[in-house]
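Structural overview for review
Single-letter residue listing:
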Amino acid sequence: KSGFMMASAIDSISGSHDHKDSARSVMILCEVYSMILQGRSKFYIEAYLKTHYPIPDELVKFEKLDATCQGTLPFVLRCFLNSNSTHEAILTAVKYGGDTDTNASIAGELANAYYKDISYEDVKFVHKHLNRHQLKTLQAFNTLIREKI
């Protein structure tokens, strides 16, 4: 399962983020996601990360846009680790600035995998704001993931 996830993640960045830092960041996110799927605690995940990847002890507001992997990954990991819900992780990611759509998306996905607290109303709200192509892409991705994981 994690091999498929890793291969799919690496493939997804090849067109726009084809750089070793991007690949490393995706691999770390896949490791965290795998730990979440295995039922590991946030304490365990944080301890693992501190030995394999530098993450900040606290969140710091972005002074300017930072869309680099070095800026994004430590931040979204801390947003997830500090959160108590998916909504809180997303709101925190937006509140601190930076590349807010990317940060909120990644932190929210990690948090939702951990908390499983997104409601049907939340899903309907998002679907209502997607165009036909985005919705079709999302549905195809979700179908593929359900079959493989």
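This structure is a prediction, so every number in the text was calculated from the model and none was measured. (Residues numbered from 1 in each chain as written. Predicted model: local features only at pLDDT ≥ 70, side-chain atom pairs only at ≥ 80, totals over all residues. Heavy atoms only, no water.)

Let us look at the overall build of the protein chain. Tallying secondary structure elements over the protein chain gives 8 helices and 0 strands in all. A total of 149 residues make up the protein chain; the buried ones form 34% of that total. For the protein chain, the share of sequence-separated contacts (at least 6 apart) that also reach a separation of at least 24 residues comes to 60%. Accessible area for the protein chain stands at about 9,500 Å²; split by element, carbon and sulfur atoms hold 56% of it. (Helix = DSSP H or I, 4+ residues; strand = E, 2+ residues; numbered from the N terminus. Buried < 20%, exposed > 50% of the residue type's maximum accessible area, 1.4 Å probe, protein only. Contact = heavy atoms within 4.5 Å. Areas by Shrake-Rupley, 256 points an atom, 1.4 Å probe, with all protein chains shown as cover.)

What follows is about the pattern of salt bridges. This model, assessed by the stated rule, comprises 3 salt bridges. We note a salt bridge from Arg 78 to Glu 46, for which the minimum N-O separation is 2.7 Å. Residue Arg 78 is located in helix H4 (residues 69-82), and its partner Glu 46 is located in helix H3 (residues 42-52); the two are separated by 32 residues in the primary sequence. One network of salt bridges, in which partners are shared, links Glu 46, Lys 50, Asp 57 and Arg 78. (Salt bridge = Lys/Arg side-chain N within 4 Å of Asp/Glu carboxyl O.)

Now for H3. Listed as buried for H3 are Lys 42, Ile 45 and Leu 49. Along the axis of H3, the buried positions cluster into a sector of 60°, meaning they face one direction only. Every exposed residue of H3 that faces more than 90 degrees away from the buried side is listed here: Phe 43 and Thr 51. (Arc of directions from axis to C-beta.)

With that settled, the discussion passes to the packing of aromatic side chains. Per the counting criterion, the structure on display carries 3 aromatic pairs. Geometrically, the ring pair formed by Tyr 114 and Tyr 115 is edge-to-face, given 5.0 Å between the ring centres and 85° between the ring planes. Taking relative accessible area as the criterion, Tyr 114 reaches 27% and is therefore assigned partly exposed. Three or more aromatic residues link up through ring pairs in this structure, and these residues are Phe 80, Tyr 114 and Tyr 115. Over the ring of Tyr 44 we find Arg 40; its NZ or CZ atom is 4.4 Å from the centre of that ring. Looking at Lys 42, its charged tip hangs above the ring of Phe 80, at a distance of 6.0 Å from the centre. (Phe/Tyr/Trp six-rings, centres within 6.5 Å; stacked < 30°, edge-to-face > 60°. Lys NZ or Arg CZ within 6 Å of the ring centre and 35° of its normal.)

With respect to the helices, strands and loops of the structure, Gly 98 is situated in the loop between helix H5 (86-95) and helix H6 (100-115). Expressed as a C-alpha distance, the spacing of Gly 98 and Lys 64, which sit 34 residues apart in the sequence, is 6.1 Å.

Judged by nonpolar contacts, the single largest core of 26 residues is most densely connected at Val 32, Ile 45, Leu 49, Phe 75 and Leu 77. Looking at this core, the elements that each hand over two or more residues are helix H2 (20-37), H3, H4, H5 and H6. Considering each element in turn, this core owes the most residues, 7 residues, to H4. The contacts of Phe 75, once residues within four sequence positions are left out, are Leu 59, Val 60, Phe 62, Thr 92, Ala 93, Tyr 96 and Asn 103. (Core = buried A, V, L, I, M, F, W, Y, C linked by side-chain atoms within 4.5 Å.)

Here we take up unusual backbone geometry. Trans peptide bonds make up most of the peptide bonds, and negative phi angles are found at most residues other than glycine. If you check the backbone angles, Lys 116 has positive phi at about 50° while not being a glycine. Tracing the chain through its elements places Lys 116 in the loop between H6 and helix H7 (120-128).

For Thr 86, the location among the structural elements is in helix H5. At a separation of 3.1 Å, a polar atom in the side chain of Thr 86 contacts the main-chain amide nitrogen of Asn 112. Here Thr 86 is in contact with Gly 108, Ala 111, Asn 112, Tyr 115, Asp 117 and Ile 118, once residues within four sequence places are set aside. (Polar contact = N/O pair within 3.5 Å; in protein donor to acceptor, adjacent residues only side chain to side chain.)

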